Amino acid sequence: MSIVEASRDKGAQDPKAMKPAARKRKAASIRGSQNRTGWLFMAPAAIILVLFLVVPIFGAVWVSLSDWKGKGSPLGAEFVGFKHYEALLSGGGLAQKDLGTSLRNNMFYVILVVPLQTLLALTLAVILNKRRLKGRGFFRTAFYFPSVTSSVAISLVFLFLFTASGAINKILAWLGVNGPNWFADPRGVGHLVLNAWGIVDMNNPPAWMSNGSFMGLDLFQWISGPSVAMCAIIALAVWTTGGTFMLMFLAALQDVPVDVDEAAMVDGATAWQRFRFVTVPALKPTFYLVITLGLIGTWQVFDQIYLMGKGGPAKSTLTPAFLSYQSSFNDGKWGQGTAIAFILFAIIIVMSGIQRFVMRDNKKLPKRKRMVFVETPATSAGVAGATATATTLSKTTPSKDKI
């Protein structure tokens, strides 16, 4: 091969020596090859997601719009449209009243469990983050232990604790309080408080509270508060989930800069002021995570409800998740049960959106000061080692191309 031919071959392989059209074709070929390789690697995960996530979701949507009885293929069931949704949301029958009762019970469960478990987790994390605390490893394990214990075992322990002759009522008896029969008492705590204060008679509520209804329940029923039985389940939920969220707060506390806390101490801030204005703002992302997980988990509560009363007594611990299970597996109303599940899904999405809106960051960062390099005479003259001077432009400077 001559020197001229070797030079031509080398030029054909060198991208700089290629024509623009040839370079574009080669780049497109490389990108296409990379895309095919990427899709090849993603294919197993994509197939699993489609088979076990997307297809079941569309199948559940179809079941909620059909009269499938749980036998045979759901594809052969009759299409009934939004019949189940109408019966649940505006039917005025037992289905709507049960859904309203479950939503009321779950609403009080969420209102009490999420703040209490967040406060308990933060308190434990702050205490265990003390440098001079002895036995921190033991306490961390002890507080986290309920989170790794079977919910069945914990539920049975709580059933024994809260029986009429259990340890809780024994302790209340020492304090002169006659404890209730916890898991057999459907009375609402709100009703008991209003009745004790003489505001409302539980057995004869005022007409303006008992007239009219929303989701099958009147105002007096909506303000009943959590039942006595539900209070025991709330105590169980707070106790078991506090350890998990404690670890999240503990990890976040260890990332809070020590020098910022020490600077606040030098400035004369008290311990509470340092916690309020230094520690808590630094924990905002963790608060967002804990509250989001708490909201989702509390709206999906099922196992404790199933184990500790199956929605009883008198449906005072009935929740949407358990009602969906009961309608589907016990009553054979799969369309109605699936419709309840989608209504619960919509509630969780809306609540998460509201929480995201409330906890959004309202602070607006100031406009970034733009910098432009102005060439010195030496630079314009092409002198080596020329320097550039950075000039800060005002906010109204229209130039946006150089930073």
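Please refer to the structure placed before this passage.
Criteria and cut-off values
Residues numbered from 1 in each chain as written. Predicted model: local features only at pLDDT ≥ 70, side-chain atom pairs only at ≥ 80, totals over all residues. Heavy atoms only, no water. Salt bridge = Lys/Arg side-chain N within 4 Å of Asp/Glu carboxyl O. Helix = DSSP H or I, 4+ residues; strand = E, 2+ residues; numbered from the N terminus. Axes fitted to C-alpha atoms, helices over the stretch in contact; angles between N-to-C directions. Parallel < 35°, antiparallel > 145°, perpendicular 65-115°, else oblique. Left-handed = near helix turned anticlockwise from the far one by under 90°. Contact = heavy atoms within 4.5 Å. Buried < 20%, exposed > 50% of the residue type's maximum accessible area, 1.4 Å probe, protein only. Phe/Tyr/Trp six-rings, centres within 6.5 Å; stacked < 30°, edge-to-face > 60°. Patch = residues over 30% accessible without salt bridge, like charges linked within 9 Å, V, L, I, M, F, W, Y side chains within 5 Å. Areas by Shrake-Rupley, 256 points an atom, 1.4 Å probe, with all protein chains shown as cover. Nonpolar A, V, L, I, M, F, W, Y, C, P; charged D, E, K, R; others polar. Core = buried A, V, L, I, M, F, W, Y, C linked by side-chain atoms within 4.5 Å.

Q: Before we move on, could you go through the pattern of salt bridges and cite the residues and values that matter?
A: The final tally for this structure, using the stated rule, is three salt bridges. Asp185 serves as the salt-bridge partner of Arg187, at 2.7 Å between the closest nitrogen and oxygen. Among the ionic pairs, Arg274 bridges to Asp261, the shortest N-O distance being 3.3 Å. Here Asp261 lies in helix 12 (residues 258-266) and Arg274 lies in helix 13 (residues 271-282), a separation of 13 residues in the sequence.

Q: Quick one: what's the story with the packing of helix 3 (residues 83-90) against helix 17 (residues 334-358), residue by residue and with numbers?
A: Interaxial distance between helix 3 and helix 17 falls to 9 Å at its minimum, and their mutual angle equals 65°. One finds that helix 3 runs roughly perpendicular with respect to helix 17. Of the two possible hands of crossing, helix 3 and helix 17 adopt the one that is right-handed. Along its contact with helix 3, which presents His84, Tyr85, Leu88 and Leu89, the element helix 17 presents Gly335, Gln336, Ala339, Ile340, Phe342 and Ile343.

Q: Tell me what's going on with unusual backbone geometry, and back it up with residues and numbers.
A: Glycine aside, negative phi is the norm for most residues, and most peptide bonds take the trans geometry. Here the bond from Gly312 into Pro313 is cis, since omega is 0°, no more than 30 degrees from zero. Locating Pro313 in the fold gives a position in the loop between helix 15 (303-307) and helix 16 (320-330). Phi at Lys310 is positive, roughly 55°, even though this residue is not glycine. Its location among the elements puts Lys310 in the loop between helix 15 and helix 16. Classification of Lys310 as partly exposed rests on a relative accessible area of 46%.

Q: How would you sum up the packing of aromatic side chains? Please name residues and give values.
A: This structure, assessed with the given rule, holds 20 aromatic pairs. Pairing Phe302 with Tyr325 gives two aromatic rings, centres 5.3 Å apart and planes at 75°, and the pair type is edge-to-face. Highlighted residues: Phe302 in the loop between helix 14 (284-299) and helix 15 and Tyr325 in helix 16, separated in sequence by 23 residues. We classify Phe302 as partly exposed; its relative accessible area is 28%. Between Tyr306 and Tyr325 the ring centres are 5.8 Å apart and the planes differ by 90°, which places this aromatic pair in the edge-to-face class. Of this pair, Tyr306 sits in helix 15 while Tyr325 sits in helix 16, and the two are 19 residues apart along the sequence. Accessibility expressed as a relative area gives 30% for Tyr306, which makes it partly exposed. For Tyr325, a relative accessible area of 22% corresponds to the partly exposed category.

Q: Quick one: what's the story with a nonpolar patch on the surface, residue by residue and with numbers?
A: On the surface, Leu49, Val50, Leu53, Val54, Val55, Ile57, Phe58 and Val61 cluster together into a nonpolar patch covering about 680 Å² of accessible area. The topology assignment puts Ile57 in helix 2 (residues 20-64). On the basis of relative accessibility, which here comes to 43%, the residue Ile57 falls in the partly exposed class.

Q: Got a sec to walk through the packing of helix 11 (residues 228-253) against helix 14? Specific residues and values, please.
A: Running from N to C, helix 11 and helix 14 point in directions that differ by 170°, and their axes come no closer than 10 Å. Classified by the interaxial angle, the pair formed by helix 11 and helix 14 is roughly antiparallel. Here helix 11 contributes Phe245, Met248, Phe249 and Ala252 to the contact with helix 14, which in turn contributes Thr286, Phe287, Leu289, Val290, Leu293 and Gly294. Tallied by class, residues from the contact of helix 11 with helix 14 come to eight nonpolar, two polar and no charged.

Q: Could you give an account of the environment of Phe158, with specific residues and numbers?
A: Along the polypeptide, Phe158 turns up in helix 6 (residues 151-161). The class for Phe158 is buried, based on a relative accessible area of 8%. Between the alpha carbons of Phe158 and Ala232 there is a distance of 7.8 Å; along the sequence they are 74 residues apart. With near-sequence residues (within four places) excluded, Phe158 lies in contact with Phe183, Ala232, Ala235, Leu236, Trp239 and Met308.

Q: So what about the nonpolar core? Which residues, and what values?
A: Core analysis: the largest hydrophobic core is formed by 43 residues, its most contacted members being Leu88, Leu99, Tyr109, Phe183, Ile233 and Trp299. Broken down by secondary-structure element, the contributors of at least two residues to this core are helix 3, helix 4 (94-128), helix 6, helix 11, helix 14, helix 16 and helix 17. For this core, the element with the most residues is helix 11, which contributes nine residues. Setting aside residues no more than four positions away along its own chain, Ile233 makes contact with Tyr109, Phe183, Gln304, Ile305, Met308 and Thr317.

Q: Please provide a residue-by-residue account of the environment of Leu124, values included.
A: Within the secondary structure, Leu124 sits in helix 4. Overall, Leu124 belongs to the buried group, its relative accessible area being 14%. Along the backbone, Leu124 and Phe245 are 121 residues apart, and their C-alpha atoms lie at a distance of 9.6 Å. Discounting chain neighbours no more than four positions away, the residues touching Leu124 are Phe143 and Met246.

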